[in-house]
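Per-entry structural report
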Amino acid sequence: MADQFVYTTPLDPRAQPLVEQLTWEYATRYGSYFGDPPGAEMSRYPAALFAPPDGNFVLLLRDGRAVAGGAFKRYDSHTAELKRVWTDAALRRQGLARRIVEELEQQAVRQGYNKIYLTTGFRQPEAKALYLGAGYTALFDLTVDPETYGILPFEKALSVTPSRRAPPSESHRSLDAA
């Protein structure tokens, strides 16, 4: 079976293993560094924020099992904010996170956004490399120790063409992954 993108919700049972891995990752990398209990970041936003018309949540399924996922929510009227981009720990270094980012960018355009904003933590050098490699602009000085900032913000302008825009009602569909 080919890989398949499925638009759903963070509450989808297929997403649960990825959500648990990401929660564990946040807890072990940051603990209570930011003043919250370990793993608190995962309950910061209600699932409804990651639903159309303002947001969306995608899973990349392989043989029916979620291997990667991610979401966006409204940041402002023109900007989507990427959140929760994650790859199954056993399947890293296969370009799955990049595929999720590209799919979310395309969906953001279909939902009318023309820019993406995101933040990642200073203890996530893989994420920093992913976003820089995907054409995001760092909104911080790359020559400074990232721990100085704690939170690392990025942005990217999206190419918006009329042929790529679709009404939000089409946003919850399954797509065969390239």
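An account of the accompanying structure is given in this report. Nothing here was measured: the structure is a model prediction, and the numbers come from that model. (Residues numbered from 1 in each chain as written. Predicted model: local features only at pLDDT ≥ 70, side-chain atom pairs only at ≥ 80, totals over all residues. Heavy atoms only, no water.)

1. Considering helix H3 (residues 125–133)
Condition: Any residue under 20% of the maximum accessible area for its type is buried, any over 50% is exposed, and the rest in between are partly exposed; the area is computed with a 1.4 Å probe on protein chains only. For the purposes of this entry, the term helix denotes a DSSP run of H or I that reaches at least four residues, the term strand denotes a run of E that reaches at least two, and both are numbered from the N terminus. The arc in question is the one traced by the directions running from the helix axis out to the C-beta atoms. Note on definitions: a residue-residue contact is assigned when non-hydrogen atoms from the two residues lie within 4.5 Å.
Every buried residue belonging to H3 is among Ala-127, Lys-128, Leu-130 and Tyr-131, and all of these are buried. Down the axis of H3, the sector holding all buried residues measures 160°, keeping them to one side. Looking at the packing, one finds that the buried side of H3 touches strand S4 (79–87), helix H2 (96–110), strand S5 (115–121) and strand S7 (151–157). Phi for Gly-135, located one or two positions after H3, is positive at around 90°.

2. Examining the pairing of strand S3 (residues 65–76)
Inclusion rule: Paired strands, in this sense, are two strands between which DSSP finds at least two bridges.
With 7 bridges connecting them, strand S2 (residues 56–62) and S3 associate as antiparallel partners. Considered in S3, the bridge of Val-58 is made with Gly-70. The antiparallel pairing of S2 with S3 creates a hairpin that spans 2 residues between the two strands, and Asp-63 there sits at a positive phi of about 55°. The sheet contact formed by S3 and S4 spans 7 bridges and is antiparallel. Paired with Lys-73 across the bridge in S4 is Glu-81. Hairpin connection, S3 to S4: the antiparallel pair is bridged by 2 residues.

3. Describing H2
What counts here: Here, expected helix span is obtained from the residue count minus one, scaled by 1.5 Å.
Taking 1.5 Å of rise per residue, 15 residues should cover 21 Å, and H2 covers 21 Å from first to last C-alpha, within 8% of that figure. Here H2 lies mainly inside the structure; 12 of its 15 residues are buried. Leu-96, Ala-97, Arg-99, Ile-100, Val-101, Glu-103, Leu-104, Glu-105, Gln-107, Ala-108, Val-109 and Arg-110 are the residues of H2 that are buried. In the segment just after H2, Gly-112 is the residue with positive phi, at about 95°.

4. Quick look at the nonpolar core
Here is the rule: Take the buried residues of types Ala, Val, Leu, Ile, Met, Phe, Trp, Tyr and Cys, join any two whose side-chain atoms come within 4.5 Å, and each joined set is a nonpolar core.
Ranked by internal contacts, the top residues of the largest apolar core, which has 31 residues, are Leu-82, Val-85, Ile-100, Tyr-131, Tyr-136 and Phe-154. Within the residue set of this core, elements represented by two or more residues are strand S1 (4–7), S2, S3, S4, H2, S5, H3 and S7. Sort the elements by how many residues they give to this core and H2 lands first, with 7 residues. Ranked by size, the runner-up nonpolar core spans 13 residues in total, among them Val-6, Leu-59, Ala-66 and Ala-71.

5. Topic: the packing of aromatic side chains
This is how it is decided: Two aromatic rings, drawn from Phe, Tyr or Trp (for Trp, its six-membered ring), form a pair once their centres lie within 6.5 Å of each other, and the interplanar angle then sorts them: stacked below 30 degrees, edge-to-face above 60, tilted otherwise.
Going through the model one piece at a time under the given rule, you end up with 12 aromatic pairs. Both rings, one in Tyr-33 and one in Phe-122, keep their centres 5.0 Å apart while their planes meet at 55°; by these two values the pair is tilted. Within this pair, whereas Tyr-33 is found in the loop between helix H1 (16–30) and S2, its partner Phe-122 is found in the loop between S5 and H3, the two being separated by 89 residues in sequence. For Tyr-33, a relative accessible area of 37% gives the class partly exposed. Phe-122 gets classed as buried once you look at its relative accessible area, which sits at 11%. Geometrically, the ring pair formed by Phe-34 and Phe-122 is edge-to-face, given 6.5 Å between the ring centres and 75° between the ring planes. In this pair, Phe-34 sits in the loop between H1 and S2 while Phe-122 sits in the loop between S5 and H3, placing the two residues 88 residues apart along the sequence.

6. Here we look at the side chain of Lys-128
The condition is simple: This count recognises Lys and Arg as positive and Asp and Glu as negative, with His and chain-terminal groups excluded. Here, a salt bridge means any Lys or Arg side-chain nitrogen found within 4 Å of an Asp or Glu carboxyl oxygen.
One can find Lys-128 in helix H3. Of the buried charged residues, Lys-128 lacks a salt bridge, with Asp-145 as the closest side chain of opposite charge at 7.9 Å. In this structure Lys-128 touches Thr-120, Phe-140, Leu-142, Pro-146, Leu-152 and Phe-154, once residues within four positions along its chain are discounted.

7. Some thoughts on the side chain of Lys-83
Its location among the elements puts Lys-83 in strand S4. Once you skip the residues sitting within four places of it in the chain, Lys-83 turns out to touch Glu-41, Tyr-45, Phe-50, Gly-70, Ala-71, Phe-72 and Thr-119.

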